[in-house]
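Results of the structural survey
Residue strings, one per chain:
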Amino acid sequence: MTDVLDELESLLPRIPQAVAHQKVSNLVDRLFDKLLDFQQTQARLQAILDASDQIDFVDDYIISMRSASREAATALKAASDENTIEDAEEAYSELKKAISAADRAVRHYWKVVILRDFTPLVTVGRLLRQFGDTNDIGDRMEALGTRADQSINVASLTELRDIIRALKVERSQLEAEKAAMTKNPEVDQFLGKLAAGDATLATVTPTVFQWLSEHGALSELAVRPLARSLF
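The subject of this paragraph is the overall build of the protein. Along the backbone of the protein there are nine helices and zero strands. Listing each helix as α and each strand as β along the protein from the N terminus yields α-α-α-α-α-α-α-α-α. Of all 231 residues assigned to the protein, the portion counted as buried reaches 32%. Pairs at least 24 residues apart make up 67% of the contacts formed inside the protein by residues separated by at least 6 positions. When the accessible surface of the protein is totalled, it reaches about 14,600 Å², and 54% of it is carbon and sulfur.

Now the structure itself:
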């Protein structure tokens, strides 16, 4: 019995160290559990950065996400003991929150871009598809605007990023085709204002009127007074 007590006595000084080691081990396991989705988180972060660049969007949420990613990287590299491992765990959680907020911000601004750059294509496309010499530009413009509207329902931002890139490339191609077809900046300007809902009789210059007449489009357009605010 004395031998057992002596052995136990010799072990007592090591108990705090063993407990501390076990606690650190548990913290490491918990951190690794959180890091199981690291590749997915990294891919999502990169997709947000790519998409925000494509639509020229930067706000506080994007800036905060960039900052959170740097802080998380620093904390993960420094994780070596109880305190630094807990710091890394918290930093990674904050990064994921920042990514979610930035994701929502990018999607919200993408809706703005759609309304500004793609939805108007439907209006112009419907007009142009009435013509027989447009090489299906009208159909393709209308379809492009519709696909852009549908993209807001894409769940994965990685997939949405690729869709945005493709939509922008196709829009540029169609705009170039339209310009080559009209061969007149006045007509292009009119079509742009028509798409934006800003076309007035003043924009229907003699050149524009002649172009519309030649394509049998006069009956496709209506003239209405602008709504004026009473306030």
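Interhelical geometry of helix α3 (residues 38-54) versus helix α7 (residues 157-182) gives an angle of 25° and a closest axis separation of 8 Å. By the angle class used here, α3 and α7 are roughly parallel. Crossing angle aside, the handedness with which α3 passes α7 is left-handed. In this structure, α3 contributes A43, Q46, A47, I48, D50, A51 and Q54 to the contact, and α7 contributes L157, T158, R161, I164, R165 and K168. Taken together, the residues of the contact of α3 with α7 break down into six nonpolar, three polar and four charged.

On to the pattern of salt bridges. Overall, the coordinates contain 14 salt bridges when judged by the stated rule. With its nearest N and O atoms 2.9 Å apart, the salt bridge here joins D50 to R161. Of the two residues, D50 sits in helix α3 while R161 sits in helix α7, which places them 111 residues apart along the sequence. R161 sits in the buried class, given a relative accessible area of 13%.

This brings us to the side chain of T182. Mapped onto the fold, T182 is located in helix α7. A polar atom in the side chain of T182 sits 3.4 Å from the backbone oxygen of A179. When residues no more than four places from it in sequence are discounted, the contact partners of T182 are V187, D188, L191 and W211.

A cluster of acidic residues, D81, E86, D87 and E90, forms a negative patch on the protein surface. Here E90 is to be found in helix α5 (residues 82-128).

Axis separation between α3 and helix α4 (residues 60-78) bottoms out at 11 Å; the angle between their running directions is 145°. The chirality of how α3 crosses α4 is left-handed. Across the interface between the two elements, L45, I48, L49 and S52 from α3 touch I62, M65, R66 and S69 from α4. In terms of residue class, the contact of α3 with α4 is made up of five nonpolar, two polar and one charged.

The rules we used
- Residues numbered from 1 in each chain as written.
- Predicted model: local features only at pLDDT ≥ 70, side-chain atom pairs only at ≥ 80, totals over all residues.
- Heavy atoms only, no water.
- Helix = DSSP H or I, 4+ residues; strand = E, 2+ residues; numbered from the N terminus.
- Buried < 20%, exposed > 50% of the residue type's maximum accessible area, 1.4 Å probe, protein only.
- Contact = heavy atoms within 4.5 Å.
- Areas by Shrake-Rupley, 256 points an atom, 1.4 Å probe, with all protein chains shown as cover.
- Axes fitted to C-alpha atoms, helices over the stretch in contact; angles between N-to-C directions.
- Parallel < 35°, antiparallel > 145°, perpendicular 65-115°, else oblique.
- Left-handed = near helix turned anticlockwise from the far one by under 90°.
- Nonpolar A, V, L, I, M, F, W, Y, C, P; charged D, E, K, R; others polar.
- Salt bridge = Lys/Arg side-chain N within 4 Å of Asp/Glu carboxyl O.
- Polar contact = N/O pair within 3.5 Å; in protein donor to acceptor, adjacent residues only side chain to side chain.
- Patch = residues over 30% accessible without salt bridge, like charges linked within 9 Å, V, L, I, M, F, W, Y side chains within 5 Å.
- Lys, Arg positive; Asp, Glu negative; His and termini not counted.
- Charge placed at Lys NZ, Arg CZ, Asp CG, Glu CD.

None of the figures reported here should be taken as evidence of function without further support.
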